[in-house]
Amino acid sequence: MLIINATVVTWGPPVRILPDHAIRIEGDRIYDVGPTAALQERYPRSRKMDARSQLVFPGNICAHTHFYGAFSRGMAIPGTPPQDFPAILERLWWPLDRSLREEDVRYSALVCLVDAIKHGTTTLFDHHASPNSIDGSLDVIAEAVDKAGLRAVLCYEVSDRDGQDKADAGIKENLRFIKRMKETPHRRIAAMFGLHASLTLSGATLQACAAAAPEGTGFHIHVAEHEADEYDSMAKSGMRIVDRLENHGILRPETIAAHCVHIDAREMELLKQHGSWVTHQPRSNMNNAVGAAPVESMLRTGLKVCIGNDGFSNAMWDEWKAAYFFHKAAERDPRRVPAGDLVQMGVYNNAALARCFFPDASMGVIAPQVYADLIFVDYQAPTPLTPENLPWHLVFGFPAGCVTTTIVAGKVLMKDRELTTLDEHEIAARARQLSKRVWKRYEEQFRQ
Ligand SMILES: [Zn+2]
């Protein structure tokens, strides 16, 4: 396929904006990039796709999400509003994830995948929980991802919060899926080992997970999202969370520590020493009122901070916008988290993280031999658009729904806003039926 008449945004580094360019795709990779006229001459018989001067970016990446949360939209929490994050977990997320059955897991994922394609998010790191439907749940999600045509890294979040049997089943599910991905690799799907959070994991369970996870397997865990997680860790182990995780061998070069809102300088240093990744989810942090993660300090420490969405919409540029405004408001300082930091986290660090799991080619840049994960963006800049000011156009100008076409591994998943792999109406209709039953199971837990 030959994409012609594109305004190619390479991201780089350095960022380049190349008007009237073409991209030749072969298989799942970019093969050639150059001026439209030159490439049309070079590949005269290639099937053409006209970008009509739209901006063409590498697909966006989400470093931390929860497909299982899709049915929470519009769901009422019985009683008085939860007063803090631990109460939100106990009254919203845990009763919700306990209400999911296999078909709910499938459609909850599909709802998120439709949303990802529509918003140009082409790679997602999912952190899954469904304590009453654990066995095979990762296969169900993998099947949905495969059908959608997206790229994803999957895991099951092990927790002691529902008892020993569920913790053991969670470990088993991670190991089974890791083995499956090793024996029959999928070009667009990879596995991690999921852990919920220090506050719902005993030392024995952490030890069992570290012993069981094969070398080279990263853990994906929530870290210090709320200070209660730190207090719990100190009460249980006499150590702060990251020290505790290090002690149990959880910090690996492939490990993702989501949030890290309340870690201290030593914990940052430990994460850096082990080469582990941190993800920032500003919309979630604001919604849960857990505080603003010390993103600038972490970046200055040399930590690899990425951007995720924690189950919010898969419009990753909305997450950028939230990060841009959140820290300014939190610190009452308009200089906080400049747009360059957003590019560092949301483009370069996210792509480097993704590459750990899809090592055959690069991502996050438009160049030959890179995976052909591309999105078209319809944006009419009212002022000069330059490589230097692009991030500010993005934060202040790119409208919602500006992504018109999404391509992953060379396959078109959405063309001119029409989905090609998933039926959005069928998925939404079925999800509405299923979510009614999920809400009923959820509410029943408050009557006991
Ligand atoms: Zn999360």
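Before any of the text, the structure's been laid out above.
Residues numbered from 1 in each chain as written. Predicted model: local features only at pLDDT ≥ 70, side-chain atom pairs only at ≥ 80, totals over all residues. Heavy atoms only, no water.

Novice: Can you walk me through the coordination of the zinc ion in this structure?
Specialist: A metal bound by six donors in octahedral fashion has ideal angles of 90 or 180 degrees, whereas one bound by four tetrahedral donors has an ideal angle of 109.5 degrees. The protein atoms that coordinate the zinc ion are His64 (NE2), His66 (NE2), His222 (NE2) and Asp310 (OD), at distances spanning 2.0 to 2.1 Å. Classification of the site at the zinc ion as irregular follows from its 4 donor atoms and the range of 92 to 162° in their angles at the metal. In primary sequence terms, the donor set of the zinc ion follows H-x1-H-x155-H-x87-D. In this pair, His64 is assigned in strand β6 (residues 60-65) and His222 in strand β11 (residues 219-223), connecting sequence segments 158 residues apart. Given the relative accessible area of 7%, His222 is considered buried. (Donors = N, O, S within 2.8 Å, 3.2 Å for Na, K, Ca; no water. Tetrahedral: all angles 85-135°; square planar, octahedral: opposite > 155°, others 65-115°. Helix = DSSP H or I, 4+ residues; strand = E, 2+ residues; numbered from the N terminus. Buried < 20%, exposed > 50% of the residue type's maximum accessible area, 1.4 Å probe, protein only.)

Novice: Could you clarify how one ought to interpret the nonpolar core in this entry?
Specialist: The nonpolar side chains of a soluble globular protein tend to be buried, and buried together. Counting residues in hydrophobic clusters, the biggest one holds 114 residues, and the most contacted among them are Phe57, Leu113, Leu195, Val223, Trp317, Val377 and Phe398. Considering each element in turn, this core owes the most residues, 9 residues, to helix α3 (residues 102-118). Those residues within four positions of Leu195 in sequence are excluded, and the remaining contacts are His127, Tyr156, Glu157, Val158, Leu201, Leu206, Cys209, Phe219, His220, Ile221, His222 and Ile250. In terms of nonpolar packing, the next biggest core, distinct from the first, is built from 19 residues, Ile366, Ala372, Leu374 and Ile407 among them. (Core = buried A, V, L, I, M, F, W, Y, C linked by side-chain atoms within 4.5 Å. Contact = heavy atoms within 4.5 Å.)

Novice: I keep staring at the pattern of salt bridges and nothing clicks. Help me out?
Specialist: In the structure shown here, the tally under the stated rule is 30 salt bridges. Residues Arg240 and Glu267 are paired through a salt bridge, measuring 2.9 Å at the closest nitrogen-oxygen approach. A residue pair is termed long-range when its members are at least 10 positions apart, and Arg240 in the loop between α7 (227-237) and α8 (241-247) and Glu267 in helix α9 (residues 265-274) qualify at 27 residues. What makes Arg240 partly exposed here is its relative accessible area of 22%. A residue is classified by how much of its surface remains accessible, and Glu267, at 0% relative accessible area, is buried. Arg283 is paired through a salt bridge with Glu319; the nearest N and O atoms lie 2.5 Å apart. Of this pair, Arg283 sits in helix α10 (residues 282-287) while Glu319 is found in helix α12 (residues 316-331), placing the two residues 36 residues apart along the sequence. There is no split in this pair, since Arg283 and Glu319 are both buried. (Salt bridge = Lys/Arg side-chain N within 4 Å of Asp/Glu carboxyl O.)

Novice: Whenever I open this one, the environment of Gly74 confuses me. Can you help?
Specialist: Secondary-structure assignment places Gly74 in the loop between β6 and α2 (85-98). The class for Gly74 is exposed, based on a relative accessible area of 70%. Spatially, the C-alpha atom of Gly74 lies 40 Å from that of Gly249, the residues being 175 residues apart in sequence.

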